[in-house]
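# What the coordinates show
Below are the chains, spelled out letter by letter.
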Amino acid sequence: MPVKKDWVFLQPVLHHPASHCSLQEHIHYFLFFSVSLLALGLYTVNAIYGDTITMPCRLEVPDGLMFGKWKYEMPNGSPVFIAFRSSTKKNVQYDDVPDYKDRLSLSENYTLSIKNARISDEKRFVCMLVTEDDVSEEPTIVKVFKQPSQPEILHQADFLETEKLKMLGECVVRDSYPEGSVTWYKNGRVLQPVEEVVVINLRKVENRSTGLFTMMSSLQYMPTKEDANAKFTCIVTYYGPSGQKTIQSEPVVFDVHYPTEKVTIRVLSQSSTIKEGDNVTLKCSGNGNPPPQEFLFYIPGETEGIRSSDTYVMTDVRRNATGEYKCSLIDKSMMDATTITVHYLDLQLTPSGEVTKQIGEALPVSCTISSSRNATVFWIKDNTRMKTSPSFSSLQYQDAGNYICETTLQEVEGLKKRKTLKLIVEGKPQIKMTKKTNTNKMSKTIVCHVEGFPKPAVQWTVTGSGSLINKTEETKYVNGKFSSKIIIAPEENVTLTCIAENQLERTVTSLNVSAISIPEYDEPEDRNDDNSEKVNDQAKLIVGIVVGLLLVALVAGVVYWLYVKKSKTASKHVDKDLGNIEENKKLEENNHKSET
């Protein structure tokens, strides 16, 4: 590696008392010494530790040169000759100097090279050119530089504590020349010494064999809570051939311990609301470092705190768990509280389960709700949502079915209750028979309309012969009703019997049917509700007319009676006036007839 040669500001060649001074004092001394060198016109060669030092002889070769020599000067000024070269014989001789054995090389132009530069090579070397009449000398100053190793922070503290001054670590910088200075930084800012807060001690050790320096700077530090995650570094400032340079250590983060200043209690739950049957976990935490590991938990209804880790678990909570929960440090110095509401929902259906009633009976049904908040209630019958709640003042077959009363709390996820009522409406068989002649005039249709539950079994018989009629047609059984139909073409008058039987009763009804040659009055097989309503309206109209006629007749009778009574009184007066007994008899007879 070529040696850099320049006029630069240098530390003195010899060890000077300033080597133990501050960096600022060093700089002032370097400036003074460098200016002195410039004033003296001394040539300086800057060399890197371990490289080759090359020093040209800056004298012009004179005529009649006999030989050239190199020497260096001891601290006391005495010379030490190290190399000789003859200009005539061209031979080179090196003096027996142990420090420079096998390290020197002198070229034909009297340039001196020194291999493997050492700190001890920092000397004043002199090139001498000798003639018969004169000796010329030209001095050269050699300055050697060694870059230090990267700083390391050793003996690091396991942790720091607030309000305590503690050894943070030691910054070690090895093998530097000249010696450098060490500065501590926190988050990129210089740490200045502060009594009882920031204490910095610097030590320097020189290796006597190499002349290199090792710097050790210890830092005692009293942290604050804000120093958590702070990055500490140290930087060495040193001098090289081109001037001042720095090298930084790897950053180090320390765990800062500080006491708890606040306690917080939280409810850990998968949902934002809590319902009966849930598991609830209470977590208590302190903002200290390290955080507290044990706490006292205060449960509603308990006077003493329960000692536990940072969590307290309650399983299958009930509504009576609603209340204020607290936690504190073990010494009860700090406390926090939270309120837990356990939502509940109760449903009471009366009656419930399977209920059997008779047709026409009344059945009161109630669905009672008790909840922690307003609940929504609705009814379902046979998988269809009902518009209103069921009410049975007179049960009908169509009222039978599966009823569900269901309620939910909208704000509480998963809180829903339902109960069922299976309503069975029973009834004895009821029969109505109809007949009609078919349009083809070749047959007659006889229908047995049956109501009842459980579904009655139907049989047809012919009165007299007692024979069963097996060829029948049945309609679908809906709401406790169905029909059984037969088609016959009787050659003579017959009586048909329809028998309907279930577990409750056996009902028998007969119907006379004329021979096929005699037409029957047509009767509809089924009457729907609209027709029934029309018939009912017609019946009401007829009843109204009859009642009206009776009232008119009654009024007319009263009027007539009054008229007759008045006539009798008038007749008596005529008898007295005329004195005609015969005529009175006739009038009485007429009156009697009139009354009759």
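Going by the structure above, here's the rest.
Residues numbered from 1 in each chain as written. Predicted model: local features only at pLDDT ≥ 70, side-chain atom pairs only at ≥ 80, totals over all residues. Heavy atoms only, no water.

## Here's the deal with the overall build of the chain
Along the chain, the regular secondary structure elements total three helices and 44 strands. Contacts in the chain between residues at least 24 apart in sequence constitute 61% of all its contacts with a sequence separation of at least 6. A total of about 35,500 Å² of accessible surface is found on the chain, and carbon and sulfur atoms cover 51% of it. (Helix = DSSP H or I, 4+ residues; strand = E, 2+ residues; numbered from the N terminus. Contact = heavy atoms within 4.5 Å. Areas by Shrake-Rupley, 256 points an atom, 1.4 Å probe, with all protein chains shown as cover.)

## Re the environment of A489
Tracing the backbone shows A489 in the loop between β42 (481-488) and β43 (494-501). Here A489 falls in the partly exposed class, since its relative accessible area comes to 46%. Between the C-alpha atoms of A489 and T445, which are 44 residues apart in sequence, the distance is 8.9 Å. Ignoring any residue separated from it by four or fewer positions in sequence, one finds A489 in contact with M442, S443 and I516. (Buried < 20%, exposed > 50% of the residue type's maximum accessible area, 1.4 Å probe, protein only.)

## Observations regarding the sheet that holds strand β22 (residues 263-268)
Spatial ordering of the open sheet is given by β22-β24-β27, a layout of three strands whose pairing is antiparallel. The sheet terminates laterally at β22 and β27 (311-314), the two strands that pair on one side only. The sheet shows a mean angle of 15° between the axes of neighbouring strands, taken without regard to direction. (Pairing = 2+ DSSP bridges. Axes fitted to C-alpha atoms, helices over the stretch in contact; angles between N-to-C directions.)

## Description of the state of the cysteines
A complete count under the given rule lists five disulfides for this structure. Between the sulfur atoms of C171 and its disulfide partner C234 the distance amounts to 1.9 Å. Between C171 and C234, the disulfide has an S-S torsion of 75° and is therefore right-handed. In this pair, C171 is assigned in strand β13 (residues 166-176) and C234 in strand β18 (residues 231-240), connecting sequence segments 63 residues apart. (Disulfide = S-S within 2.5 Å.)

## Some remarks on the sheet that holds strand β3 (residues 53-55)
As a general point, the strands of a sheet are linked pairwise by backbone hydrogen bonds and lie either parallel or antiparallel. Taken in spatial order, the three strands of this open sheet run β3-β8-β7, and their pairing is antiparallel. On the outer flanks of this sheet lie β3 and β7 (104-106), each paired with one strand and no other. Each neighbouring strand pair of the sheet contributes to a mean axis angle of 15°, computed without reference to strand direction. When β3 meets strand β8 (residues 112-114), the two strands line up antiparallel, connected through three bridges. Note on β8: the bridge partner recorded for T54 is S113.

## Regarding the pairing of strand β31 (residues 345-350)
The two faces of β31 differ: L345, L347 and L349 on one face are buried, but D346, Q348 and T350 on the other face are not. When β31 meets strand β33 (residues 366-371), the two strands line up antiparallel, connected through six bridges. Within β33, the position partnered with Q348 by the bridge is T368.

## Topic: the nonpolar core
Grouped together as the largest cluster of nonpolar side chains are 51 residues, with contacts concentrated most on M55, W70, I82, L112 and F125. Residues V263, I299, V317 and A321 belong to the second largest nonpolar core, which totals 18 residues. (Core = buried A, V, L, I, M, F, W, Y, C linked by side-chain atoms within 4.5 Å.)

## Digging into the pattern of salt bridges
Taken as a whole and judged by the stated rule, the model has 27 salt bridges. With its nearest N and O atoms 3.7 Å apart, the salt bridge here joins K204 to E179. Of the two residues, K204 is situated in strand β16 (residues 198-206) and E179 in the loop between β13 and β14 (181-186); the sequence distance between them amounts to 25 residues. A salt bridge links K422 to E354, with the nearest nitrogen and oxygen atoms 4.0 Å apart. Of the two residues, K422 sits in strand β37 (residues 416-437) while E354 sits in strand β32 (residues 353-358), which places them 68 residues apart along the sequence. (Salt bridge = Lys/Arg side-chain N within 4 Å of Asp/Glu carboxyl O.)

## Details of a nonpolar patch on the surface
On the surface, a nonpolar cluster with roughly 430 Å² of combined accessible area is contributed by L554, V558, W561 and L562. For V558, the position within the fold is in helix α2 (residues 529-578). The partly exposed category is assigned to V558, whose relative accessible area is 44%. (Patch = residues over 30% accessible without salt bridge, like charges linked within 9 Å, V, L, I, M, F, W, Y side chains within 5 Å.)

## Looking at the environment of T475
Looking at the secondary structure, you find T475 in the loop between β41 (473-474) and β42. Between the C-alpha atoms of T475 and K485, which are 10 residues apart in sequence, the distance is 8.5 Å. Ignoring anything within four residues of it in the chain, the contact list for T475 reads F482 and S483. A polar contact is formed between the side chain of T475 and the backbone nitrogen of S483, at a distance of 2.8 Å. (Polar contact = N/O pair within 3.5 Å; in protein donor to acceptor, adjacent residues only side chain to side chain.)

This is a description of form; function is not addressed.
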